[in-house]
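# Notes for the structure review
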Amino acid sequence: MPPILEVRDLRVEFPTRRGTLTALDGVSFDIAPGEVLGVVGESGAGKSMTGAAIIGLLEPPGRIAGGQILLSGKRIDNLPYEQMRRIRGREIGAIFQDPLTTLNPLYTVGRQLIETMQTHLPLSDKEARQRAIGWLEMVGIPAAAQRVDSYPHEFSGGMRQRVVISLALCAEPKLIVADEPTTALDVSIQAQIIALLKTLAREKRTAMMLVTHDMGVIAETADRVAVMYAGRIAEIGPVRSVVKSAKHPYSAGLMASIPPLDRKVDHLAGIEGSMPRLSAIPQGCAFNPRCAHVFARCRIERPELLETGSTRAACWLYDPASEKQAPEVMRHV
Amino acid sequence: MSETPVLVAEDLARYFDVSRPLLQRLLSREGRRTLKAVDGVSFEIPKGTTLSLVGESGCGKSTVARLVVGLYRPTRGRVLFEGIELEKARADAETRRRMQMIFQDPYASLNPRWRVQDIVAEPIRAFGMAEGAAALRERVGHLLTQVGLSPLDGEKFPHEFSGGQRQRISIARALSSNPDFLVCDEPTSALDVSVQAQILNLMKDLQQRLGLTYLFISHNLAVVRQISDRIGVMYLGRLVELAPAETLFTAPRHPYTRALMEAIPDLEMTGRQRIPVGGEVPSPISPPSGCPFHPRCPLADARCKAAMPALLAPMTQGDTVVACHAVEERRDPPPAPAGADQRIGTTAIAL
Amino acid sequence: MFAFILSRILQAIPVMLVVALISFAMFAYVGDPVSIMLGQDFTEAQRTQLIKDLGLDQSFLMQFSTFIGNAAQGEFGLSYRLSRPVAQLIGERAPATLELAICAASIALVVGVAMGVYTGLYRNSWLSRAFLTFSLVGVSLPPFLIGILLILIFSVWLGWLPSFGRGEVVQFGWWSTGFLTWSGLKALILPAITLGLFQLTLIMRLVRSEMLEVLRTDYIKFARARGLGNRAINFGHALKNTLVPVITIAGLQLGGIIAFAIVTETVFQWPGMGLLFIQSVGAADIPVMAAYLMLIALVFVGINLVVDLLYFLVDPRLRVGRGAAGGH
Amino acid sequence: MASALARAFDSDLWWSFKRSPVTVASALVALVCILGALLAPWIAPHNPFDLATLNLGDAFKPPAWAEDGDPLFGLGTDDQGRDVLSAIMYGARISLLVGVCAVVFSTLVGVAVGLLAGYLGGTADSLLMRIADIQLTFPSILIALLVDGVVRAAVPREVHDQIALFVVIFAIGISAWPQFARTVRGSTLVERNKEYVLAARIIGISQVRIMLTHVLPNVIGPVLVIATLNLGFAILAEATLSFLGVGVPPTQPSLGTLIRIGNDFLFSGEWWITIFPGIALICMVLSVNLLGDWLRDALNPRLR
Amino acid sequence: QAKSVRWAASGDPNTMDPHSQNVGTVTMVLQQVYDPLLKRNQDLSLAPGLATEWRQEEPTRWRFTLRQGVKFHEGEALTAEDVAFSVQRALQPTSNFGIYVDTVDHAVAVDERTVDIILKRPDPILSNKLASIFIVSKSWSEKHNATRPQNTRAREEMHTTRNTNGTGAYRLASREPDVRTVLARNEAWWGWGVEGNAGNVTEIVYRPIASDATRIAALLSGEVDFVMDPPLQDLNRLRAAPGVKVIEGPEVRSIFLAMDVNRDELLYGDVKGKNPFKDLRVRQALYQAIDVQAIHRTTMRGQSVVTGTLFPEQVNGYVKAEDVRLPFDAARAKALLEQAGYPQGFSVTLDCPNNRYINDEQICQNIAAMWSRVGVRTAVKSQPLAPFFAQIQKDDTSVYLLGWGVPTLDALYSFQSLLAFRNGDQGDGIWNYGRYSNPRMDALVQRMKTDTGEARQAAITEALKLYREDVPHIPLHHQMIPWAMRSNVQIPHMANNQPYFRWAVVN
Ligand SMILES: Nc1ncnc2c1ncn2[C@@H]1O[C@H](COP(=O)(O)OP(=O)(O)OP(=O)(O)O)[C@@H](O)[C@H]1O
Ligand SMILES: Nc1ncnc2c1ncn2[C@@H]1O[C@H](COP(=O)(O)OP(=O)(O)OP(=O)(O)O)[C@@H](O)[C@H]1O
Ligand SMILES: [Mg+2]
Ligand SMILES: [Mg+2]
C-alpha cells in the first residue's frame, strides 16, 4: 500500500539574531494508511516542529528550508496558504496538547464542530448539527444532544480533549497529527483518551502520527516508532524492536532511564548530560558528547539512518565501514 | 520503631474558602463554599526513610507538602516535627534550618534575577552558617559540586541552565542549610526521563550519604516506587491506602490503587487491553457523599454511597491500611492482582 | 443576572458617596462665590447676610449631609452664577456633550478597532507601520493643540467647517440634537475628531496588541489546523476574543472622553457640560461643579455596569458562578 | 560594573535598539531635549526667568531668519520680549521636571500599593484596589484640576508659588498611580506564588525582605515600560493643565504655558510664539513615547 | 427684508432681570429691550427716552413727563405707575442698581403722564444716573410675582430671570444661557424714525464665545458679524482681512496699580518692619520706573490712552491739566529708591487678574520686568477674576492691578469707591483695598456728594490734584475698545462699550 504521508529530508530553520537555527535536519519517514507512527524524544527534540511542518503551521519565523512533504503522493509543503487550508482539517487533522486552551472559549462546542464541518463538507445546518451530535457521541460524551450547546468551560479536561478529538476527526481526514494529546491529563483519564484514539484510528482506518514523550503510550498504541534527538531522527522501526532492543545508544539510554514499575532498582541507567541547544549542536553525531560508545568518526561525520536489522538507526556503530574502529558492539541494556 | 519519627501528621486538614464575594453570595442566596483540599490525613515518617504520596492532579498532594513545611496553617489536626508542634519548631531558626523543600517547576523555583551563587547562599546567609565571603563561596562551590555542577556555574543566572541543571541548583539550595528533612513536591515531573533518572539517582545518593528523610510527592507510580519506603495513595484530599512500597505494588488493595495501576500504559506489548478507570475526577468543592471514589468504583454499593470508610488495616496484610468498605467486607477480588506478576520485566510509566 | 446587576449597583453606592464627599469637600474650598455675587457695591452687612443665606456658616457635616440629601434627589440647588436650577442647566447642556462624546466615541471605536485589527493582522505591511506612527503622533499631540490647528486649517484657511458652537439644533422635548441639521452635523466634525483622536489611537494600539496576543493562542492555532477560512478565524474567533479586554479599557476611555471634553469644548466653544464646568470653575460656582462631578462619576459607574453586562454577553465563562466548572 | 556595561551592550535589548533606526533617532531627539533642558542655565542664550533682563522693546521679534528677525533671538521673542529659544529650553526644563517627578511619584506610590496589595492579599488587597477603582472613576485631568484647586485653597497663599510646581507634580502623579498599582499587583499575585518565593518563606526570610529582594525585581519590568509611556502623558497633562490656566506660574512658563500664551498670537501672525514650543513639546513627547513603545515590544519576548 | 446680525463677545448675561445685575454683559442685551427715562446719544450725552421732559422742581424733587403712546412688548401701555414702580424696584435691597438711586427717597405717579422723584438730598447728577434705570411694566411684574429684582444672592429663579417685557427697540425672542440669545425687532417701537434711530436690523443673535482665538476665527470665517471684544493682537490681521473692519474708540475704564499704604509691614515682600509703599518716594519711584509708552505700543498695540489721572475725559469732572504723568525715568526711580533707603530694592508680589481687563496679565508681567530692572524684584500672581477679587477684597494684597469703569460718567463714582476711606457708608472706599486714607480726600469726596455747579467742579479738581501729588495709585491708561465687524455692518462705537442696535445698519 502506498504511504499516505511521506516526509523526505525535512529541514526547518529559524532565522534569529544570532544566526540561523536548524530545528529539524534531514527528517525522513512515512506513514501508511491505518498505521500509527509514534514519535518520541526529549523536550525540544523537534517533535512538535515535525507535526507543525506537516500541517503547514510552523510559527513564523520558522520555515521549511529543505526537503519535501507528500500527502498521498502530492507535495504539500509548497502549497499556497489557501490550498493548504483546504487540506487542513479535511485531509490532515490535528490534536494539540492542552485541551484547556485549544478550544475557543466563546463558542459552544457544537458551533465549533459545525463550523469545521461546513468549511470542508457541503452540509446543511441541520445535517451538520446532527453529525456534530453524532461525533460527540462517538468520542464518548454522554448526553451529547444536550452537551452540544455547552461551552468549553462547562466540560472537564478529559471531556474537552474528547471534543478536540471529535473536532480533528469530524471532516474525516486521512491523517491525524496528535501532538501530546494526553500529557496535560490525569493518569486515569490518559488511558481513556488513548483507548479512544486507538479505537477511532482502527475503525476509520485513519493514519496517525502520535507525538509524545511517554514511551508507555507509544508502546501501547503505535505500530512503529521514531525516536528524535536534537532535530534528527535517531532511530525508527517497529515499536517492539525499539522498546525491547533499541539499537541507537540514545534510544537505548532512553529506554533504560524509564523507571520500572515492577521492581525497585538501585540505580537508574539514565544518560549523563542533557540535549544540546539548537544553537550548539555538535558536529557529527548530535549525541556524541553524551554517548558511551563514541569514537572519532562520530565527532566528524553525521550518520545517516542505517539498517540495523529490525530498525534503522542513525549511528556509525551500524556502518559496516566503521566496524573496525568501533568499540565492541553494544549489547542491549 | 522506638525512635521518634521525624515527622508526624495527625488528622491533618486544610480547607480553602472559595466563596464568592459576600455581596454576590447574599444576593444569590448561596452559602459559603469550602474546598476541602486535604481532609484528615495522618502519617508518620521515620528518620532516614522516604514516604511518598501519589494521586491525581488536585487530590491535595501539594497542599500536604505545604502544610508540612508550614507554608499553610492546618485547618484541623497538627504536624509534629521531631515531636515538636510545627509552629513552635519553625519559630526556632535551628529547627527551621533542618527542613527544606524542593519544588516541581525548575523554571519558577529559582529567582530569575539572582545569580546562582546568591540563590544557593540565601539559606546559608539567613541562618548565619558561614563566616565571611570566602567561606561562603567555598561552601556554595562545594554544594554545587555535590549536585554535579561546577563551582564556576555560580556566576551564572538560572536562565542559562537546562531544566535538569536547575533542579540540581534547587537541590543545592535545599541542601545548603544541612537539612535533615526534605519535602520534594514532584521534583522530576517537569523533566525528561533521561534527566529524571539523573535527579532520582542524585536524591537517592544524597539520602544514603546524608541520612536524609524525604516526603516525596509525585503522580508517577513508577518514580515513586524507585525511591520510597512507604507510599500513600491520595484521592480527593484523603489517604485511601498507605502501605510499604513493595506491598503496594505487589498487592494493591484499594480499588482506586488498582485502577491507577491498571491505567499505567504498558511498555510490554502484551496486547492486553487496558481497562481505564471510568468517569472523571469529581470536584473537591462538592465531593460525592460517602466514599469519594464510589461513583467510579466497580465495587461500590449502598454503604459506599452513604458512609465514609475509615483507614483500616485489612486482615491479610500487616503494614497496609486501606479506606474501603469493600476491602473491609472482603468483597474485593483477591489481593495479588493479575497485573503485578504477569508483568514481569515491565517498565512503564508516564515520563 | 439580576443579582449581578443589583450587586453592581450596591457596589456603586460607596463609590458615589466617596465621590460626593470629594466633590463637595474639594469644591467647597476652590473659590469664594460671595465676592462674585456681590458685584461692585456692597456693605459688610450684605456680605455676612449672603454668607448666611448660602449656608456657608454651617458646619461641614451639616453642609455635606444637606448636599447628599439633595443630590440624591437630583437637586443641586441653583447655580450661583446663573441663578437657575443646576439640574436644569446640566440637563440643557448634557445633550451637547453626550452627542459630542457619542460621536467621538464612535469614531474612536469604529476607526480605532478597524485600524487595530488591521495592524494586528498585517503586522509588517507599510500601512500598518503608517498607522502605528500615526497613532504615536496621535498620543503625543496635546488635544488642545489639535483643536486649534484644525480650526486654523478647516475654518480659517479653508472655510469648510464652522469653528465653534453646535450649529442649528432640533428640539425633542428637553433633548436638543444637532444630528438632524446640516449645520449641526458640520459643526460636530472638528470637535468630534479632536476629542476622538486621542482615544482612537489608544484603542487602536490596545486592539492591536490584544489581537497579536490572541492570534498566538492555541485555539487560533487549532482553528487554523481545522482549515477554517481566514475571515472566520480573524473576525469570528480572534476579534471576538480580543473584545473582552478591549471592552474594559474602551469603557474607561469613554469616561476619559467626557472628561477631555472640557478641553475640546473650551476650544470649540461647544455648549456642553464641560464648558459649563470650566465657566463654573472660573466663577467658583460650587453647585454646578459638584453636580458635574457627581454626574461624571455616575456616568462612569453606568459605563462600568454596561461593560460588565457586555462581558456577560461576550464571554460565556462569566455566565456561571465561579468554581462551578470543573478542572483545575 | 564594567562587566555589567559590557553585558548591557551585548544584550537583546541593545541589539533590538540598534536595529531600529526610529528608536535610535527618537533616543537622540530625547537626548537633545533632555540635555537642552538640563543645561539650559549654561547654554541658553538668555535667561527668560530673570525679569530684569527683559525688555519690552524686544517683544514680538520674529525668528532670526525672517525679515525683521534679530540674530540675537534665534527663534524670535514673545510678548514679553523673552527669547523663545531660551524660553523653550527653560520651559522644557519645567515640563521635564514635572513629568519625571510626577511619574516617579506615581511609580513609587503605585509600586508600593501594588506590592502590598498583591503580597498581603485579602482585606488589604480589596481595600487598596477599591481605592484605586474609585480613583480611576475620575479622569486624570479632572483629578488634577481638583487637586490643584484644593491645594490652592488649603495652603496659605504666600507659599503658593513656591509649591505650585509640587502641586502640579502631585496632581498629575496622583492620577496615574492606580495603573502602576494594578500592574504591580497583578504580577505580584503571580510572583508571590512562584516557588522561589515559597522557598524563601520556608527559610524564614521576612515578608518585607522577600517583597523587596525577591518580588520587586521581578515585577519591575512592566513598571518601567508604563513609566516611560506615562512620562509622555505626564508632560502632556502638565501642558493641558497649563493650557487651562492651572499649571505653573506664568513667570516661569512651562512648554504648555508657552503654548497657551502663544495661542493668543496665533491668528495675529506671531506664529513662532506658539509653534516652536508646540514643536518642542511634540518632539519631546513623541520621542519619549517611541522609546516607551520600543521598550515594551523589546521586553515582551512574545513579540520578537 | 430680514437683516440679521450675529454678534459675539466673551461673556454671557447671567440674568434678564432689569434691576438685578449691574454688569456690562447684562446691560448690553437688556438695553436693547428696555428703555430708561433718559437715553444716551452717541457721544453719551443725555437725550429724551421714555421721558420727553424733566425738570428739577425743588432741590429734592424732579418731575418727569412721559412720552405718549408707548407700549410694552406684551401690549400694555406705559403709564406713570410703571415708572414709579420701576424706580422703587431699583431701590429694593435685592437690586444691584442702588448706586444709581442712592439719593432717591421714592417716586410717585402724579398723573398718567407725570412722575415725581423725591430725593433724600440734592443730587447734581441724578439725570445721569437715571439713564441706567430700565422701566418695566408694573402689571406684568405683579402678575409674574417679580415686584422686586431677582436676588442672585439667595439663589432664586424668577420669571424675570429668563423673560423680559420692555418698551425697547427689540424683543427677547429666545434665550439659552451661555449658548444663544435672540432678539427680534420691535416694529412698534416708539423711537423708530425719531432722532436718527435709523437702524435696519431685524434680528440680533448673540452668542458668547469665551475663547479669543475661536471668536476671531468665527469672525474671519464669516460665522459671526460683530465681535465686541477682539483681542488687540489680532487687530492688524482683522484690519487686513477682506470683509472685516475694525472701529476703535475709547472706553470709560482706567487701568491703574494700587498699593497697600496702610499696613506697617507688607504682606508679600521681603522688607521687614516697615512698609516701603508708605513712603511717597517709593511710590514715585515705581511710577517712574514704568515705561507706559512701551506697554501702550507693544502690549496694547496702540489701543490705550496713556493717562496720569483717575478717569478719562468722558467723565464729568475731568481736568485736562491734571492728566499729566510723572515721566518715565529709570535712573530717577533708582535714585528715589536709594533716597528712601532701598538701594538694593526689595521684593514684592503683584496681584493681577488674568481674564478681566484687556491684556491684564501681560501688563502685570511688563511691569514686573520694569520694576525688576530698577531693583524691585516683582513676582506676578495672576488669577482668574473670581479668586482674584475674592483675595483682594479681603485687603489681602500688597500691590494689585485694577480697572475701573464709570457707568455714571461722573467723578464722584471713582473717588468715592477708590479713594475715600472705608467708613461703612454705602459706597465709600469699598474698592480701596490699599486703604489709602487722607482726610483731605475724604472731605473733598463729601463735597462732591452735595455741592453743585462750580463748587463741585472745584472740589473735583482739587481731588485730582491731590491724586497726582499723593500717588495712591499708579495710573496706566484708559482702555480703548476696538470693535470688529464685517464690513457690511455699521454700528456706532460707544465709549461705554455698549452697542446700540437701534443705530445699526446692515447692508
Ligand atoms: N520560535 C522559535 N525560535 C527559535 N527556536 C524555536 C522556536 N520554536 C521552537 N524552537 C526550538 O525548536 C526546537 C524543537 O521544538 P519542538 O517544540 O518541536 O520540541 P518538542 O520535541 O515538541 O518538545 P516538547 O516535548 O517540549 O513539546 C526546540 O529546541 C525549540 O527550542
Ligand atoms: N490557595 C488555594 N486556594 C484555593 N484552593 C486551593 C488552594 N491551593 C490549592 N487549592 C485547591 O486544593 C486542591 C488540592 O490542590 P493541590 O495543589 O494540593 O493538588 P495536587 O495534588 O498537588 O495537584 P497537582 O498534581 O495538580 O499539583 C485543588 O483542587 C486546588 O484547586
Ligand atoms: Mg512539543
Ligand atoms: Mg501539586
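Cut-offs applied
Residues numbered from 1 in each chain as written. Chains lettered and ligands numbered in written order. Predicted model: local features only at pLDDT ≥ 70, side-chain atom pairs only at ≥ 80, totals over all residues. Heavy atoms only, no water. UniProt positions renumbered as here; feature names shortened; annotations may be inferred. Disulfide = S-S within 2.5 Å. Helix = DSSP H or I, 4+ residues; strand = E, 2+ residues; numbered from the N terminus. Buried < 20%, exposed > 50% of the residue type's maximum accessible area, 1.4 Å probe, protein only. Near = heavy atom within 4 Å. Polar contact = N/O pair within 3.5 Å; in protein donor to acceptor, adjacent residues only side chain to side chain. Areas by Shrake-Rupley, 256 points an atom, 1.4 Å probe, with all protein chains shown as cover. Nonpolar A, V, L, I, M, F, W, Y, C, P; charged D, E, K, R; others polar. Contact = heavy atoms within 4.5 Å. Buried area = accessible area lost by both parts, 1.4 Å probe. Salt bridge = Lys/Arg side-chain N within 4 Å of Asp/Glu carboxyl O. Axes fitted to C-alpha atoms, helices over the stretch in contact; angles between N-to-C directions. Parallel < 35°, antiparallel > 145°, perpendicular 65-115°, else oblique. Left-handed = near helix turned anticlockwise from the far one by under 90°.

The name given to chain A in an unreviewed UniProt entry is ABC transporter ATP-binding protein, with the source organism recorded as Dankookia rubra. The annotation that UniProt attaches to chain A under Subcellular location (unreviewed entry) is "Cell inner membrane".

By the definition in use, this model includes one disulfide over all chains. In this model Cys352(E) forms its disulfide with Cys364(E); the gap between the sulfur atoms is 2.1 Å. Torsion about the S-S bond of the Cys352(E) and Cys364(E) cystine: about 90°, corresponding to right-handed handedness. Taken together, the residues Cys352(E) in strand β15 (residues 346-353) and Cys364(E) in helix α11 (residues 360-373) connect sequence positions twelve residues apart. We note that Cys352(E), like Cys364(E), is buried. Free of any disulfide, Cys315(A) has its nearest cysteine sulfur in Cys291(A), 6.1 Å distant. Classification of Cys315(A) by relative accessible area gives buried; the value is 7%. Between Cys304(B), a free cysteine, and Cys291(B), which holds the nearest cysteine sulfur, the sulfur-to-sulfur gap is 5.8 Å.

Residues and elements named next belong to chain A. If you check the shell around ligand 1, you find 13 residues, and the closest are Ser 43, Gly 44, Lys 47, Ser 48 and Met 49. Take Gly 46: an N or O atom from its main chain is 3.1 Å from an oxygen atom of ligand 1. One of the backbone N or O atoms of Met 49 is found 2.7 Å from an oxygen atom in ligand 1. Considering ligand 1 on its own, with 640 Å² of exposed area, one finds that the protein chains cover 66% of that surface. By residue number, the principal contributor to the shell around ligand 1 is helix α1 (residues 47-55), which donates three residues. In terms of residue class, the shell around ligand 1 is built from five nonpolar, five polar and three charged.

A word on the site of ligand 2. All names here are of chain B. Lining the immediate surroundings of ligand 2 are 16 residues, of which Ser 57, Gly 58, Lys 61, Ser 62 and Thr 63 lie closest. Within the side chain of Ser 62, a nitrogen or oxygen atom sits 2.6 Å from an oxygen atom of ligand 2. When the free accessible area of ligand 2 is taken as 630 Å², the share hidden by the protein chains comes to 69%. For the shell around ligand 2, the secondary-structure elements that each account for two or more residues are β2 (34-45) and α2 (61-69). For the shell around ligand 2, the leading source of residues is α2, giving three residues. A class-by-class count of the residues in the shell around ligand 2 yields seven nonpolar, six polar and three charged.

Further remarks concern the interface of chain B and chain A. Across the contact, 51 residues belong to chain B and 45 residues belong to chain A. For the pair chain B and chain A, the summed buried area comes to about 4,100 Å², and 53% of that belongs to carbon and sulfur atoms. Across the contact surface, chain B and chain A share zero salt bridges. Our count for the chain B to chain A interface comes out at twelve residue pairs in polar contact (both at pLDDT 80 or more). Of all the secondary-structure elements, those providing two or more residues to the side of chain B that touches chain A are α8 (193-210), α9 (221-227), α10 (245-250) and α11 (255-263) of chain B. Looking at the side of chain B that touches chain A element by element, the count peaks at nine residues for α8(B). Residue composition of the side of chain B that touches chain A, grouped by class: 23 nonpolar, 15 polar and 13 charged.

All names here are of chain D. At a minimum axis separation of 10 Å, helix α2 (residues 12-19) and helix α13 (residues 272-299) run at an interaxial angle of 130°. The angle between the axes of α2 and α13 places the two elements in the oblique class. For α2 against α13, the interelement crossing comes out right-handed. Note on element contacts: α13 touches α2 through Leu 291, Trp 294, Leu 295, Ala 298 and Leu 299, opposite Leu 13, Ser 16 and Phe 17. Among the residues forming the contact of α2 with α13, the class breakdown is seven nonpolar, one polar and no charged.

Attention now goes to helix α10 (residues 195-203) of chain D. Residues and elements named next belong to chain D. For α10, the tally of buried residues reaches eight of nine residues, placing the bulk of the element in the interior. Within the span of α10, buried status applies to Glu 195, Tyr 196, Val 197, Leu 198, Ala 199, Ala 200, Ile 202 and Ile 203. Count one or two residues on from α10 and you reach Gly 204, which has phi positive near 100°.

Turning our eyes to something else, we now look at the pattern of salt bridges. This model, assessed by the stated rule, comprises 71 salt bridges over all chains. For Asp319(A), the salt bridge is made with Arg297(A), and the minimal N-O distance between the two is 2.6 Å. With Asp319(A) in the segment after β12 (312-313) and Arg297(A) in the loop between α10 (249-257) and β11 (306-307), this pair connects stretches of sequence that are 22 residues apart. Residue classification places Asp319(A) among the buried residues on the basis of a relative accessible area of 13%. Here Asp116(E) ties to Arg63(E) by a salt bridge, and the two come within 2.8 Å at their closest N and O atoms. Of the two residues, Asp116(E) is situated in strand β7 (residues 114-119) and Arg63(E) in strand β5 (residues 61-66); the sequence distance between them amounts to 53 residues. Using a relative accessible area of 5% as the deciding quantity, one classes Asp116(E) as buried. Assessed through its relative accessible area of 22%, Arg63(E) is described here as partly exposed.

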